[in-house]
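Topology and contacts: notes
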Amino acid sequence: MIAYQYIPLAAIILYRMALEASVRGNYELALKHLSNSVMIAPQFTVAICEMGHCYEKLGRHAEAVAKFENVLKIQPSHVEAEMNRNRILENLRR
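Quick look at the structure, then. (Residues numbered from 1 in each chain as written. Predicted model: local features only at pLDDT ≥ 70, side-chain atom pairs only at ≥ 80, totals over all residues. Heavy atoms only, no water.)

Turning next to the overall build of the protein chain. Along its length, the protein chain carries five helices and zero strands. Beginning at the N terminus, the succession of helices and strands in the protein chain can be written as α-α-α-α-α. Taken against the 2.2 N^0.38 rule, which gives 12 Å for 94 residues, the C-alpha radius of gyration of the protein chain at 13 Å falls within 12% of a compact globule. Looking at the protein chain alone, contacts between residues at least 24 apart form 48% of all its contacts between residues at least 6 apart. Distance between charge centres in the protein chain, computed from 11 positive and 9 negative side chains, equals 2 Å. (Helix = DSSP H or I, 4+ residues; strand = E, 2+ residues; numbered from the N terminus. Rg over C-alpha atoms; globule rule 2.2 N^0.38 Å. Contact = heavy atoms within 4.5 Å. Lys, Arg positive; Asp, Glu negative; His and termini not counted. Charge placed at Lys NZ, Arg CZ, Asp CG, Glu CD.)

Next up, the structure:
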């Protein structure tokens, strides 16, 4: 797991801005901030996972699954990413 102390402050600020946008339902803006955050800190799994949530809220399930799988490549024991990926895949099978 990547500790926050190793994540650049700019990436954390963008992540927090994304959370604010997401709470307001502006998932496209949240994705923009998250994308910029991950460009700065490619191992920032919390931001990548949040991207998955935003894609899911937008109904872009394949992209959501891909983001959760990206998290699992970085951190195979990431329970939240695994659960979300599996839930989406199960719902798509129905």
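Next comes the rest of the account.
Direction vectors running N to C along helix α2 (residues 27–40) and helix α3 (residues 45–57) enclose 155°, while the axes themselves pass 9 Å from each other. Classified by the angle between their axes, α2 and α3 sit roughly antiparallel to one another. Relative to α3, the crossing made by α2 is left-handed. Mapping the contact onto sequence places Y27, A30, L31, L34, S35, S37 and V38 in α2 and A47, I48, E50, M51, C54, Y55 and K57 in α3. (Axes fitted to C-alpha atoms, helices over the stretch in contact; angles between N-to-C directions. Parallel < 35°, antiparallel > 145°, perpendicular 65-115°, else oblique. Left-handed = near helix turned anticlockwise from the far one by under 90°.)

Orientation of helix α1 (residues 9–23) relative to α2, taken along the N-to-C sense of each, is 165°, at an axis distance of 8 Å. In terms of axis orientation, α1 runs roughly antiparallel to α2. Remark: the crossing between α1 and α2 carries left-handed chirality. From α1, A10, A11, L14, Y15, M17, A18, A21 and S22 reach across to α2, where they touch Y27, L29, A30, H33, L34, N36, S37 and I40. Within the contact of α1 with α2, the residues separate by chemical class into twelve nonpolar, four polar and no charged. (Nonpolar A, V, L, I, M, F, W, Y, C, P; charged D, E, K, R; others polar.)

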